Amino acid sequence: MKLLEDKILTCGTVLPGNILKVDSFLNHQLDVKFINELGKEIYNSFSSDDITKILTVEASGIALACAAAAYFDVPVVFAKKGHHSNVGSDVYSAEVFSYTKGKQYSVTVSKKFLSPDDNILIIDDFLATGEACFGLRKIVSDAGASLAGVAAAIEKKFQNGGNTLRADGIKVRSLAVIESMTDDSICFGDDGSKK
């Protein structure tokens, strides 16, 4: 999606350790009109998949998930990081390793929000090593629900998470795909969804 690629080039910053900082528009300060356009593009990619719920992880995926959910007219469920007394003990959970934080944590979803009748789309701001998606996929499976696919605003393809999901037969749509990046350059590719 050229609109997102241009925004990354204009507003993004590459930090050491293959970190792409896009906090001025996507995951700290939110450019709501822009994120709405990303949500519309995700909807266009999965509009024929009978999505019943969107699943993401707090906190950075929530804005994009909500933008897409407005087009699908479905609820957003977000997995909470850690254990929370207000969620209760009847939960689905998975262990996830955070690439940016460099640590492992549990994500949980109350069982009352997912059912075997659901066809779920996972949405996140980034798809890098795929750990968050793998954890959410486990939660979808534990709930007996169907996984329609995974959508991400930005995929760092060189970190192979998207490739692993695709190899497992999962439909993946990334709006901007980064093949490689250095301190002074970002090389974009595609996610193969147009082929």
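Residues numbered from 1 in each chain as written. Predicted model: local features only at pLDDT ≥ 70, side-chain atom pairs only at ≥ 80, totals over all residues. Heavy atoms only, no water.

Attention shifts here to the packing of aromatic side chains. Tallied over the entire structure, the rule returns three aromatic pairs. Relative to Phe34, the ring of Phe25 lies with its centre 5.5 Å away and its plane at 90°, an arrangement referred to as edge-to-face. You'll find Phe25 and Phe34 in the same group, each marked buried. Taken together, the ring pairs in this structure connect Tyr43, Tyr71 and Phe72 into an aromatic cluster. Seen from the ring of Phe34, Lys7 lies directly overhead, with NZ or CZ sitting 5.1 Å from the centre. The side chain of Lys171 reaches across the aromatic face of Phe46, ending 4.4 Å from its centre. (Phe/Tyr/Trp six-rings, centres within 6.5 Å; stacked < 30°, edge-to-face > 60°. Buried < 20%, exposed > 50% of the residue type's maximum accessible area, 1.4 Å probe, protein only. Lys NZ or Arg CZ within 6 Å of the ring centre and 35° of its normal.)

With that settled, the discussion passes to the sheet that holds strand 4 (residues 76–81). The strand order across the open sheet built from eight strands is 5-6-4-3-7-8-9-10, with neighbouring strands paired in mixed fashion. Edge positions in the sheet fall to strand 5 (91–98) and strand 10 (185–189), since each has one partner strand and no second. The average undirected angle you get between the axes of adjacent strands in this sheet is 30°. Bridging between strand 3 (residues 53–57) and strand 4 involves four bridges; their strand directions are parallel. Along strand 4, the bridge assignment pairs Ile54 with Val76. Running at roughly 170° to strand 10, helix 1 (residues 2–11) makes contact with strand 8 (146–156), strand 9 (172–182) and strand 10 of the sheet. Contacting strand 3, strand 4, strand 5, strand 6 (103–110), strand 7 (119–127) and strand 8, helix 4 (residues 131–142) crosses the sheet at an angle of about 165° to strand 5. (Pairing = 2+ DSSP bridges. Helix = DSSP H or I, 4+ residues; strand = E, 2+ residues; numbered from the N terminus. Axes fitted to C-alpha atoms, helices over the stretch in contact; angles between N-to-C directions. Contact = heavy atoms within 4.5 Å.)

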